[in-house]
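Structural overview for review
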Amino acid sequence: MYKAGILGATGAVGQKFIRLLENHDWFKIQALGASERSAGKPYKEAANWIESTPMPKKIADLEVRNCVSSDFDDVDFVFSGLDSSVASEVERDFAEAGIPVISNAKNYRTDPSVPLLIPEVNPDHIDLIKTQTFTEDGSGWIVTNPNCVAVPLAMSLRPLYDNFGLKSVIVTSMQAISGAGYPGVPSLDILGNVVPFIGGEESKIVEEPLKLLGKFKEGAIEHASFPVQATATRVPVLNGHLLSVTAELEKDADEQEVKKALKEWKSPIANFRLPTAPNYPLHLYDNDYYPQPRLHADSESGMQTAIGRVRKSNVLSISYVAMAHNTIRGAAGGAILNAELLVKKNYIYK
Ligand SMILES: NC(=O)C1=CN([C@@H]2O[C@H](COP(=O)(O)OP(=O)(O)OC[C@H]3O[C@@H](n4cnc5c(N)ncnc54)[C@H](OP(=O)(O)O)[C@@H]3O)[C@@H](O)[C@H]2O)C=CC1
Ligand SMILES: N[C@@H](CC(=O)OP(=O)(O)O)C(=O)O
């Protein structure tokens, strides 16, 4: 078993890591880290447990550590679910100490030497790690996973981009309240309501898919170059971000050709046997009422991106909706899948 630490273990994403790693075949939770407020306490006293399954017994009495690399010399790598106000400094400290960091936080996503990774979308970007200079021997590095809207957007655009090319994309996200962490959005703001703005979100939705769909050439990512227009909204849904997407394709394609491209798309990691990889990373629904967050966010253990309502657009080429579980596929589950690919590619070792 590989020994994993979790930074930000008391937060919403940290708790999801704990639940998803509880019975993992390759990874054992070795250490938990959080702020000075929590350090020194047993996990059960430091965390306000919000998962719907009980706190794992073997975790409850683990003492929470400070997020400093010298306190984590017994781990093979760390997952980070740190607050972005501290992630830059803390993640750099770990990487410089030779401890690989697999992060959810936004801080290093746009760094040209840091892979922004979705294994089914851009697995070759992993080798960008070799350009990082945190340690002389290459033992310390950072890999990030994307924003929770960028994930279903990039996964659904991958087959369209490869088959037809993209000229432009317009997306409106309807984002679940769990995306705002705990306690998150005040109930009086969100109950029976839609909030038409999420601070800082739209620029990530605009920029991250271009890096994800970019080409890895001569040690750098050449970003895709089509414009993306994003409107991010918060809706009273517990889990699952739903996106309404309209795209202009470079090559003409009708509804049937687009559906065929989505159905026939093959994941580049399908034969890797990674424990968290879904059998069907993309699922296309023909029922016009699907996908729905409450019904489908947990499909394939929360790791599937569901697509529906593919239809000709009256304005651009094609419209559809896409949906994925924001704290699993869009956060902790995505990071665990990244770690599995990194093991497979011999970047993580015991
Ligand atoms: N919620 C979601 O759907 C998604 C979240 N993310 C990203 O993941 C990260 C975590 O999000 P979320 O779990 O919702 O946030 P929370 O606020 O729930 O958790 C934040 C975590 O960071 C820790 N922390 C805060 N300050 C410090 C510090 N000074 N030193 C060390 N640790 C500190 C907290 O510890 P303590 O309890 O001790 O304060 C806690 O464990 C963020 O960067 C977020 O943007 C990414 C994708 C989706
Ligand atoms: N902003 C996202 C969650 C999040 O933290 O995103 P990011 O990982 O890009 O900071 C949401 O509200 O649903």
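Residues numbered from 1 in each chain as written. Chains lettered and ligands numbered in written order. Predicted model: local features only at pLDDT ≥ 70, side-chain atom pairs only at ≥ 80, totals over all residues. Heavy atoms only, no water.

In this section: the site of ligand 1. The immediate surroundings of ligand 1 are formed by 26 residues, with Thr10, Ser35, Arg37, Ser38 and Leu82 found nearest. Measuring from an oxygen atom of ligand 1, one finds a backbone N or O atom of valine 13 at 2.8 Å. Serine 35 places a polar side-chain atom, nitrogen or oxygen, 2.6 Å from an oxygen atom of ligand 1. Of all the secondary structure elements, the ones that give two or more residues to the shell around ligand 1 are helix H1 (12–21), helix H4 (84–96) and helix H11 (328–344). The residue inventory of the shell around ligand 1, partitioned by class, reads ten nonpolar, 14 polar and two charged. (Near = heavy atom within 4 Å. Polar contact = N/O pair within 3.5 Å; in protein donor to acceptor, adjacent residues only side chain to side chain. Helix = DSSP H or I, 4+ residues; strand = E, 2+ residues; numbered from the N terminus. Nonpolar A, V, L, I, M, F, W, Y, C, P; charged D, E, K, R; others polar.)

This paragraph deals with the domain arrangement of the protein. Looking at the assigned domains, one finds that the protein contains domain 1 (2–147 + 332–344) and domain 2 (150–325). Here domain 1 and domain 2 have C-alpha centroids that lie 24 Å from each other. Across the contact, 33 residues belong to domain 1 and 35 residues belong to domain 2. Buried area between domain 1 and domain 2, both sides added, is near 2,700 Å², and the carbon and sulfur share of it is 68%. Summed over the three residues of domain 1 that lose the most area to domain 2, namely Glu120, Val121 and Asn147, the buried surface amounts to 27% of that side. Between glutamate 208 and arginine 109 there is a salt bridge; the shortest N-O distance is 3.0 Å. For the pair domain 1 and domain 2, the number of links is 13 residue pairs in polar contact (both at pLDDT 80 or more). For the side of domain 1 that touches domain 2, the secondary-structure elements that each account for two or more residues are H1 and H11. (Domains from an automatic or database assignment. Contact = heavy atoms within 4.5 Å. Buried area = accessible area lost by both parts, 1.4 Å probe. Salt bridge = Lys/Arg side-chain N within 4 Å of Asp/Glu carboxyl O.)

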